[in-house]
Amino acid sequence: MYALAERLYPICRSITGEGVRETLRILQEYAPISIHEVPTGTQVFDWEVPKEWNISQAWIKNSAGEKVVDFMDHSLHVLSYSIPIHKILPLSQLRDHLYSLPDQPDLIPYRTSYYQSNWGFCLSHRQLEALEDGDYEVCISSSLEAGSLTYAEYLLPGRSKDEFIFSTHVCHPSLANDNLSGVVMLIHLLRKLQHQDLRYSYRFLFVPGTIGSICWLAQNADKLATIKGGLIASLLGDGGKFHYKLSRHEDSIIDKVAQFVLTEMEVDHEVIPFSPYGYDERQYGSPGINLAVGSLTRSTFGSFPQYHTSADNLDFIQPRHLAQSYQLYSAVVDLLELNRTYVNLSPMGEPQLGRRGLYDAIGGASDQKAMQMAILWVLNMSDGTHDAIDVAHKSNLPSSLIVKVCALLLDKGLLRESD
Amino acid sequence: MYALAERLYPICRSITGEGVRETLRILQEYAPISIHEVPTGTQVFDWEVPKEWNISQAWIKNSAGEKVVDFMDHSLHVLSYSIPIHKILPLSQLRDHLYSLPDQPDLIPYRTSYYQSNWGFCLSHRQLEALEDGDYEVCISSSLEAGSLTYAEYLLPGRSKDEFIFSTHVCHPSLANDNLSGVVMLIHLLRKLQHQDLRYSYRFLFVPGTIGSICWLAQNADKLATIKGGLIASLLGDGGKFHYKLSRHEDSIIDKVAQFVLTEMEVDHEVIPFSPYGYDERQYGSPGINLAVGSLTRSTFGSFPQYHTSADNLDFIQPRHLAQSYQLYSAVVDLLELNRTYVNLSPMGEPQLGRRGLYDAIGGASDQKAMQMAILWVLNMSDGTHDAIDVAHKSNLPSSLIVKVCALLLDKGLLRESD
Amino acid sequence: MYALAERLYPICRSITGEGVRETLRILQEYAPISIHEVPTGTQVFDWEVPKEWNISQAWIKNSAGEKVVDFMDHSLHVLSYSIPIHKILPLSQLRDHLYSLPDQPDLIPYRTSYYQSNWGFCLSHRQLEALEDGDYEVCISSSLEAGSLTYAEYLLPGRSKDEFIFSTHVCHPSLANDNLSGVVMLIHLLRKLQHQDLRYSYRFLFVPGTIGSICWLAQNADKLATIKGGLIASLLGDGGKFHYKLSRHEDSIIDKVAQFVLTEMEVDHEVIPFSPYGYDERQYGSPGINLAVGSLTRSTFGSFPQYHTSADNLDFIQPRHLAQSYQLYSAVVDLLELNRTYVNLSPMGEPQLGRRGLYDAIGGASDQKAMQMAILWVLNMSDGTHDAIDVAHKSNLPSSLIVKVCALLLDKGLLRESD
């Protein structure tokens, strides 16, 4: 995952343009995701797909003709969606188009102006302060033309049409944790699940933030009914503790599974309430869409000093953090797959476990105690209203044991799966 | 408010009679409340309006002919509803008709005997102990005759027939906190609201305790369906912290608003459960009436040493305490008026805020952060099931900001009021 | 109760056989319980009634012909349901059939092998260690033949067909707390209730554990609909604090009453969740039966060192502990009998208490305060949705006072019993 992040890092992505397109094409080397183009001007709910933005170069030269800021050095140096410009202007006028972080003077900020026509450069505050009075030549060779918005999608079909979505934003330029971490983790999760026999269907969405998820939603309104929930994957490479942000439903199956996995795997974590701020859970969780999409991240949106600066670089993310995030997402899928609700087929009194080899022979011994307790709990709670997580929660036994016992009792003819 | 309390303080009120009538007439100088008379003998639910009680003088003379207790000194000196009497009797017999407070020897108690024929005097325990053996002449020039019970009412009509009631008891003689404080605060609240354009209707009731509210309820059974809640106003002039006693419903809109106002205004307060004891919430909250009437007081019923004694005088109440109580009641009305439930008219994804001038131009800046958060919260929660208080509570933003943002979004065509 | 326990203690009971039969016959001296026999081979739900087991003697002799273990000394010495055997074998082979407790070297364990053919002896670990190498003669004169399972039952009919069950297991040999304590407490409770005029019907079940309750359930499926709840009576003679294990319903009337009695009687106790492990609540609370049967014990199942050993003897149980348990069960029945839901017949405002003699004459005095508060609470909450326990709980007044006030108000015509 880290190697892929290294490869994607230099690319200048935005909400449209070749940067996203190139990124998604690289992802296709890993898994057969399909790339979709939505033409400029397409109406998507309350929004319209904007013009496509591309950029070849951008620099500022001082009066001596030296490049003092160059987009070739760092994709963050240009205000995203800058209109093309080439002119000479004094520093006093140039300043209106320069963005820096006085409190973090060594870092380049990340700034965008998607829906308001503007141009600008982002630079470290030290760079800004070093600029001497005088005239500067600025050049942004960008284009804003009719084109399309690009996103990618892949549906892993399961035995059921019921599906869960994993969505991540692919519109950020050279920022590692936000959100190459989410992109590379998801493509590897897709690769892993691709060859499994799955109960549920899983849809992977690699979309530009906000406008991308809105495009997908607007064009797939007929698919929403079978989406049982989902997760926003982002901020998965840093060393912070995990955060599960509840879906707008707060008590959906994805909320239940994600929280249970975090607790049972005993990783340091915090559960935070839904809020209509952050990543694309804002769109999936808008009142008219109302999908149960939570967000499983390490650090949270906007909470770390490297956030939206050049310090969110490849040093900031670590292979072991990505690996742990991947394990956690895998565990969520595993539990979604295995968690079921059963009906006890011998519900009048306990079934006689002994003659089925489910009870140790000498009554009173305490061997295999946990297994026996799990058998009793599963039998008792299997009335069609409790799933394996409920049984694990109430019995305080590991979900893996409950799932194993369910399989055993199903095999012995003592359970059937609930409708 | 305090000046009006000073004027009303000396009057000897009871559940019927000239004292209440005079009090209500004085209130008419402040607001056009209508005075109603319910004739003695009128059946009101399980009760019958009692004879009207009036009193001109009452005293005890010792054997030397000196008045040792005189109603002219303090209206508490006579047992309320004392029958007329004039006779001479020895101290040993007189004692059966004397009420004092041995634990508070300087204070005169307040005692009544509305529904059991009796006569008596209330005096300080020091006065009682100073009485020497011997004969005493007692005189109570009172009348108990067919007449009427008097109460006052005013309905401020709003755009909706749905109404809230504010009720206060006007039957106590020279007691300041209980309940001139409630009387003077309510009449000023009425004056304030009188010239406002109101959404809800507000009914103000100035009634003798118990029998007065029962009279009003019995004679206005047809009006109960549109009463959405109310408050008992009393004990509002002392320096104690505020107490909100929940209505019998415990989760009605008045309960929600009163608690939210107390919390948001950061006044020291406590919320206490409903109980069928106290003031007229007992009647409004009887099982067959079941109105959502809470009680918003400073100190609580019966909880302070001055309660129902001559120490509940004009020194015990303070203009600034009355003023704060008035502010709180005003804030309750304001929030009742402004708190609404909306429906987001652009519920599929977020509406594009930028083109409506609702988003700061450069994405990433943090100016107007609270306003933007409020916009997102209102849009997200406006699905017809959450009112402004819910949004304020969940977002942890001020209700005033939420209300302001609702108005803004309504104006922008992004919301409609919920049915 | 203790004397009866002394008499029953030596008898060797098991899940079938003369031991149980003799025990139940002795109980018939105390109350006219009916004894039922269910023939070997009868299918009961998933189970089959096993062969009847009886035993006359069982011993181990050493090579010198001395009895080193003798069933005549203690009924625990033989593995319950041991098949008959008589042979000589070396210690090395005998060891496979010997059960001891290395951690409690002086105690004889209690072991059974009902459904797997086996034989064995239980002995103290010191006895086991004292055995010298060599040949031993073992003899178990037992029989396993077609016969029947024996249980006893008694239905105390009440005015209502709705019933509560008290069930206890009678299958343990010489173990005092588990469960002669439950047996003797229940038979005395039955004797007490036998001559009372009862509102509910009460069914007493003296059954072998697991297979006995399953037999009763299988043969009485038509009676389950009127069973409103019940209690498993066991572990009632030790000095531990009380434990109420919730029924599978967790909020049924028996759960409410049992918890309220424990709290109100201020006995040290703990409420524990339902679990499908323990005594016959496992069967009554199986998903297809789903009766609201809780368990009211002192110490809990398996939690004390004497559990299922020879130390659970007559010294371990105390008359005073049995007596307190009996008081508690009696209080549960009393509250079940008296707890009702009423409807206020004068629900519009408060009824006038004074003219009905329900109010002290001089308003303001605090005599009979609790009684008056109880009257107000009962009147207010009597809307057909709250029972006496609800009123007691909410008012923080004793249930005995609430019940008394309900009777008084019923008598005054102010209440009627709810349908």
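Residue numbering note: each chain is counted from 1, following its sequence as written. Written order decides the labels, with chains lettered from A and ligands numbered from 1. The predicted nature of this model means local features are confined to residues of pLDDT at least 70 and side-chain atom pairs, given and counted, to a pLDDT of 80 or more, with totals for whole chains, interfaces and linings taken over all residues. Based on all heavy atoms of the structure, the side-chain values leave hydrogens and waters out of the count.

## A look at the relation of the copies chain C and chain B
Piece 1. Expressed as a screw operation, the relation of chain C to chain B combines 0.2 Å of axial shift with a rotation of 120 degrees, fitting to an RMSD of 0.1 Å. Here the symmetry operator amounts to a three-fold rotation axis. In terms of proximity to the rotation axis, the leading residue of chain C is C:Asp251, whose C-alpha is 13 Å off the axis. C-alpha atoms of residues with pLDDT of at least 70 in both copies form the basis for the least-squares superposition of the copies.

## A short note on unusual backbone geometry
Apart from glycine, the bulk of residues carry a negative phi angle, and the bulk of peptide bonds sit in the trans form.
Piece 1. Residues A:Asp178 and A:Asn179 are joined by a peptide bond in cis, for which omega reads 25 degrees.
Piece 2. A run of H or I in DSSP counts as a helix once it spans at least four residues, and a run of E counts as a strand once it spans at least two, with each numbered from the N terminus. With respect to the helices and strands, the residue A:Asn179 is situated in helix H5 (residues 176–193).
Piece 3. Residue A:Glu266 is not a glycine yet carries a positive backbone phi of 55 degrees.
Piece 4. Considering the arrangement of structural elements, one finds A:Glu266 in the loop between helix H7 (253–264) and strand S15 (269–272).
Piece 5. Partly exposed describes any residue whose relative accessible area lies between the buried limit of under 20% and the exposed limit of over 50%, with all areas from a 1.4 Å probe on protein chains only and scaled to the type maximum. For A:Glu266, a relative accessible area of 72% corresponds to the exposed category.
Piece 6. A positive phi angle, near 60 degrees, is found at C:Thr210, a position not held by glycine.
Piece 7. Structurally, C:Thr210 is set in the loop between strand S12 (201–207) and helix H6 (211–219).
Piece 8. What makes C:Thr210 partly exposed here is its relative accessible area of 26%.

## Thoughts on the pairing of strand S11 (residues 163–169) of chain B
Residues and elements named next belong to chain B.
Piece 1. Taking burial as the measure, the seven residues of S11 include seven buried ones, the bulk of the element.
Piece 2. Burial along S11 is two-sided: the residues Glu163, Ile165, Ser167 and His169 and Phe164, Phe166 and Thr168 are all buried.
Piece 3. Pairing between strands requires that DSSP locate at least two bridges from one strand to the other. One ladder, built from seven bridges, connects S11 with strand S12 (residues 201–207); its direction is parallel. Paired with Phe166 across the two strands is Phe204, which belongs to S12.

## Some thoughts on the interface of chain C and chain B
Piece 1. Note on contacts: a residue pair qualifies if any of its non-hydrogen atoms lie within 4.5 Å across the two residues. With 22 residues of chain C at the interface, the matching set in chain B holds 24 residues.
Piece 2. Buried area is a sum: the accessible area each of two parts loses on coming together, probed at 1.4 Å, counted once for each and added. Both faces considered, chain C and chain B share a buried interface measuring about 2100 Å² in area, 52% of it formed by carbon and sulfur atoms.
Piece 3. For the chain C face of the interface with chain B, the top three residues by lost area are C:Met348, C:Glu350 and C:Asn380, together amounting to 30%.
Piece 4. A side-chain nitrogen of Lys or Arg and a carboxyl oxygen of Asp or Glu constitute a salt bridge if their distance falls within 4 Å. Summed over the shared surface of chain C and chain B, the number is five salt bridges.
Piece 5. For the purposes of these results, a polar contact is taken to be a pair of N or O atoms within 3.5 Å, where, inside protein, one atom must be able to donate a hydrogen and its partner to accept one; residues adjacent in sequence count only when each atom of the pair is a side-chain atom. At the junction of chain C with chain B, the criterion picks out 14 residue pairs in polar contact (both at pLDDT 80 or more).
Piece 6. Top contributing element to the side of chain C that touches chain B by residue count: helix H10 (residues 369–381) of chain C, with seven residues.
Piece 7. For this classification, the nonpolar set comprises Ala, Val, Leu, Ile, Met, Phe, Trp, Tyr, Cys and Pro, the charged set comprises Asp, Glu, Lys and Arg, and every other residue, Gly included, is treated as polar. Its residues assigned to classes, the side of chain C that touches chain B shows ten nonpolar, six polar and six charged.

## Remarks on the packing of aromatic side chains
All names here are of chain C.
Piece 1. Pairing of aromatic rings covers Phe, Tyr and the six-membered ring of Trp, with a centre-to-centre limit of 6.5 Å; geometry is then stacked below 30 degrees between planes, edge-to-face above 60, and tilted otherwise. Scanning the model with the defined rule gives 45 aromatic pairs over all chains in all.
Piece 2. Relative to Tyr202, the ring of Phe166 has its centre 6.2 Å away and its plane inclined at 15 degrees; by these criteria the two rings are stacked. In this pair, Phe166 sits in strand S11 (residues 163–169) while Tyr202 sits in strand S12, placing the two residues 36 residues apart along the sequence. With respect to burial, Phe166 and Tyr202 carry one shared label: buried.
Piece 3. Between Phe301 and Tyr307 the ring centres are 5.5 Å apart and the planes differ by 70 degrees, which places this aromatic pair in the edge-to-face class.
Piece 4. Note on Phe301: relative accessible area 27%, which makes it partly exposed.
Piece 5. Taking the relative accessible area as the measure of exposure, Tyr307 reaches 16% and is therefore buried.

## Some details on the environment of B:Leu190
All names here are of chain B.
Piece 1. Along the chain, Leu190 falls in helix H5 (residues 176–193).
Piece 2. Residue classification places Leu190 among the buried positions, given a relative accessible area of 0%.
Piece 3. Placed 14 residues apart in sequence, Leu190 and Phe204 show a C-alpha to C-alpha distance of 7.4 Å.
Piece 4. Those residues in contact with Leu190 that sit more than four places away from it in its chain are Ala31, Ile33, Tyr154, Leu156, Phe204 and Phe206.

## Quick notes on the domain arrangement of chain A
All names here are of chain A.
Piece 1. Boundary definitions for the domains trace back to an automatic or database domain assignment. Here chain A is partitioned into domain 1 (2–50 + 148–338), domain 2 (52–145) and domain 3 (341–417).
Piece 2. One C-alpha centre belongs to domain 1, the other to domain 3; they are set 36 Å apart.
Piece 3. Contacts between domain 1 and domain 3 engage eight residues on the former and ten residues on the latter.
Piece 4. Between domain 1 and domain 3, the buried area comes to about 710 Å², and carbon and sulfur atoms account for 61% of it.
Piece 5. A per-residue breakdown of the area domain 1 buries against domain 3 is headed by Lys256, Phe260 and Leu338, which together make up 60% of the total.
Piece 6. Our count for the domain 1 to domain 3 interface comes out at two salt bridges.

## Description of the interface of chain C and chain A
Interface extent is often summarised as the accessible area lost during association of the parts.
Piece 1. Listed per partner, the contact involves 24 residues of chain C and 22 residues of chain A.
Piece 2. Of the roughly 2100 Å² buried between chain C and chain A, counting both surfaces, carbon and sulfur atoms make up 52%.
Piece 3. In this structure, the connection of chain C to chain A is made through 14 residue pairs in polar contact (both at pLDDT 80 or more).
Piece 4. Residue composition of the side of chain C that touches chain A, by class: ten nonpolar, nine polar and five charged.

## Re the sheet that holds strand S9 (residues 135–145) of chain A
All names here are of chain A.
Piece 1. Ordered by their spatial adjacency, four strands build an open sheet running S5-S4-S9-S6, and the pairing between neighbours is antiparallel. Only two strands of the sheet have a single partner each, and these edge strands are strand S5 (67–70) and strand S6 (85–90). Mean inter-strand twist for the sheet, computed between neighbouring axes without regard to direction, equals 20 degrees. Note on method: axes are straight lines fitted to C-alpha atoms, helices fitted across the in-contact stretch only, with angles between N-to-C directions ranging 0 to 180 degrees.

## Section: the pattern of salt bridges
Once the charged atoms of two side chains with opposite charge are near each other, the side chains can pair.
Piece 1. With the rule as written, the count across this model stands at 63 salt bridges over all chains.
Piece 2. A salt bridge links B:Asp197 to B:Arg159; the shortest N-O distance between them is 3.1 Å. One end of the pair, B:Asp197, is in the loop between H5 and S12; the other, B:Arg159, is in the loop between strand S10 (148–156) and S11, with 38 residues separating them in the sequence. We note that B:Asp197, like B:Arg159, is exposed.
Piece 3. Notably, a salt bridge pairs C:Lys67 with C:Asp70, separated by 3.7 Å at the nearest N-O pair.
Piece 4. Residue classification places C:Asp70 among the buried residues on the basis of a relative accessible area of 10%.
Piece 5. Taken together, the shared-partner salt bridges connect A:Glu18, A:Arg21, A:Glu37 and A:Glu52 into one network.

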